[in-house]
Amino acid sequence: MAPADEVDSLASFLKDLPGLFAKYDKLWEVEDPEENPYKSKYEAREILEKAVKDLEGLMSDAGESDDKERGREMLARLSLFLGKNYYFCEEVPTA
């Protein structure tokens, strides 16, 4: 089993994810100017990419737990949002 501080940091990260999704949604709704049509979408993507990287790191350090299972679910959700973001920004092969 993983040390308590590792599980707590994963639990804390998972607890903060709704705020991250709210931030992402807010950026997603922005209408960007024609000169830079995907500016807010790229900013939103950076948020997701950082979250994926952080979550993968926390999960690799954590033992098996309910939080780790929830982490896998959130990782799938983040990947879905990333795929939609790439697709919307016309980066279909990456999506």
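Higher on the page you've got the structure.
Keep in mind the model is a prediction, meaning the values are calculated, not measured.

The rules behind these values
Residues numbered from 1 in each chain as written. Predicted model: local features only at pLDDT ≥ 70, side-chain atom pairs only at ≥ 80, totals over all residues. Heavy atoms only, no water. Axes fitted to C-alpha atoms, helices over the stretch in contact; angles between N-to-C directions. Helix = DSSP H or I, 4+ residues; strand = E, 2+ residues; numbered from the N terminus. Parallel < 35°, antiparallel > 145°, perpendicular 65-115°, else oblique. Left-handed = near helix turned anticlockwise from the far one by under 90°. Contact = heavy atoms within 4.5 Å. Buried < 20%, exposed > 50% of the residue type's maximum accessible area, 1.4 Å probe, protein only. Polar contact = N/O pair within 3.5 Å; in protein donor to acceptor, adjacent residues only side chain to side chain. Phe/Tyr/Trp six-rings, centres within 6.5 Å; stacked < 30°, edge-to-face > 60°.

Caption draft 1: Molecular detail of the packing of helix 2 (residues 39–61) against helix 3 (residues 66–88). Between helix 2 and helix 3, the shortest axis-to-axis distance is 10 Å and the interhelical angle comes to 155°. The pairing of helix 2 with helix 3 is recorded here as roughly antiparallel in orientation. By crossing handedness, the relation of helix 2 to helix 3 is classed as left-handed. Between helix 2 and helix 3, the residues in contact are Lys-41, Ala-44, Arg-45, Leu-48, Glu-49, Ala-51, Val-52, Leu-55, Glu-56 and Met-59 and Lys-68, Gly-71, Arg-72, Met-74, Leu-75, Leu-78, Phe-81, Leu-82, Asn-85, Tyr-86 and Phe-88, respectively.

Caption draft 2: Expanded view of unusual backbone geometry. The phi torsion at Glu-90 lies on the positive side, around 60°, for a residue other than glycine. Mapped onto the fold, Glu-90 is located in the segment after helix 3. On the basis of relative accessible area, Glu-90 is assigned to the exposed category, the value being 63%.

Caption draft 3: Spotlight on the side chain of Asp-32. On the secondary structure map, Asp-32 appears in the loop between helix 1 (4–28) and helix 2. On the basis of relative accessible area, Asp-32 is assigned to the buried category, the value being 19%. Among the polar contacts made by the side chain of Asp-32, one reaches the main-chain amide nitrogen of Lys-39 at a distance of 3.4 Å. Ignoring sequence-local partners within four residues, the contact set of Asp-32 consists of Pro-37, Tyr-38, Lys-39, Ser-40 and Lys-41.

Caption draft 4: Region of interest: the packing of aromatic side chains. Taken as a whole, this structure holds 6 aromatic pairs when the rule is applied. Relative to Phe-81, the ring of Phe-21 lies with its centre 5.3 Å away and its plane at 45°, an arrangement referred to as tilted. Placement of the pair is Phe-21 in helix 1 and Phe-81 in helix 3, with a sequence separation of 60 residues. Phe-21 gets classed as buried once you look at its relative accessible area, which sits at 6%. With 6.1 Å between their ring centres and 80° between their planes, Tyr-38 and Phe-88 make a pair best called edge-to-face. Of the two residues, Tyr-38 sits in the loop between helix 1 and helix 2 while Phe-88 sits in helix 3, which places them 50 residues apart along the sequence. For Phe-88, a relative accessible area of 42% gives the class partly exposed.

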